[in-house]
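Below, each chain spelled out in residue letters.
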Amino acid sequence: MTYFVYMLETQRGTIYTGITTDVQRRYKEHLEGLHKKGAKGAKYTNANKPVKLLYKKEYETKSEALKEEYRIKQLTRGQKLLMTKDTDPLPKITQEQLS
């Protein structure tokens, strides 16, 4: 199974980092406050809704993705923003795509 590490910009301008198997689905869950198995989405994004996908990178294993997520979470905001500049521009996920 393929896993993705992703970074979102929130309404407050902060950066949220997470992992998922489906970035578009997870983005929608963050917007709606949902998480798998009926639990609520990440507490942080329940209070700070995402406005933009900044970064995503694919990994072959969950272990690799979790290690990269941890590494990114140790970075400063500036370092995270530099990472987003090194990737191809990401299309903004629209409400239409989420429906």
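Note that this is a predicted model, so its numbers are computed, not measured.

Quick word on the side chain of Thr17
With respect to the secondary-structure elements, Thr17 resides in strand β2 (residues 15-20). Contact partners of Thr17, with chain neighbours within four places excluded, come to Val5, Tyr6, Met7, Glu69, Ile72, Lys73 and Lys80.

Points about the sheet that holds strand β1 (residues 3-10)
Spatial strand order, β2-β1-β3: three strands in an open sheet with antiparallel pairing. Looking along the sheet, the strands with just one partner apiece sit at the ends: β2 and β3 (50-59). Averaged over neighbouring strand pairs, the angle between their axes works out to 20 degrees when direction is ignored. Helix α1 (residues 23-32) contacts β1, β2 and β3 of the sheet and is inclined by roughly 150 degrees relative to β3. Packing against the sheet, helix α4 (residues 77-85) makes contact with β1, β2 and β3, and its axis sits at approximately 60 degrees to β2.

Calculation criteria
- Residues numbered from 1 in each chain as written.
- Predicted model: local features only at pLDDT ≥ 70, side-chain atom pairs only at ≥ 80, totals over all residues.
- Heavy atoms only, no water.
- Helix = DSSP H or I, 4+ residues; strand = E, 2+ residues; numbered from the N terminus.
- Contact = heavy atoms within 4.5 Å.
- Pairing = 2+ DSSP bridges.
- Axes fitted to C-alpha atoms, helices over the stretch in contact; angles between N-to-C directions.

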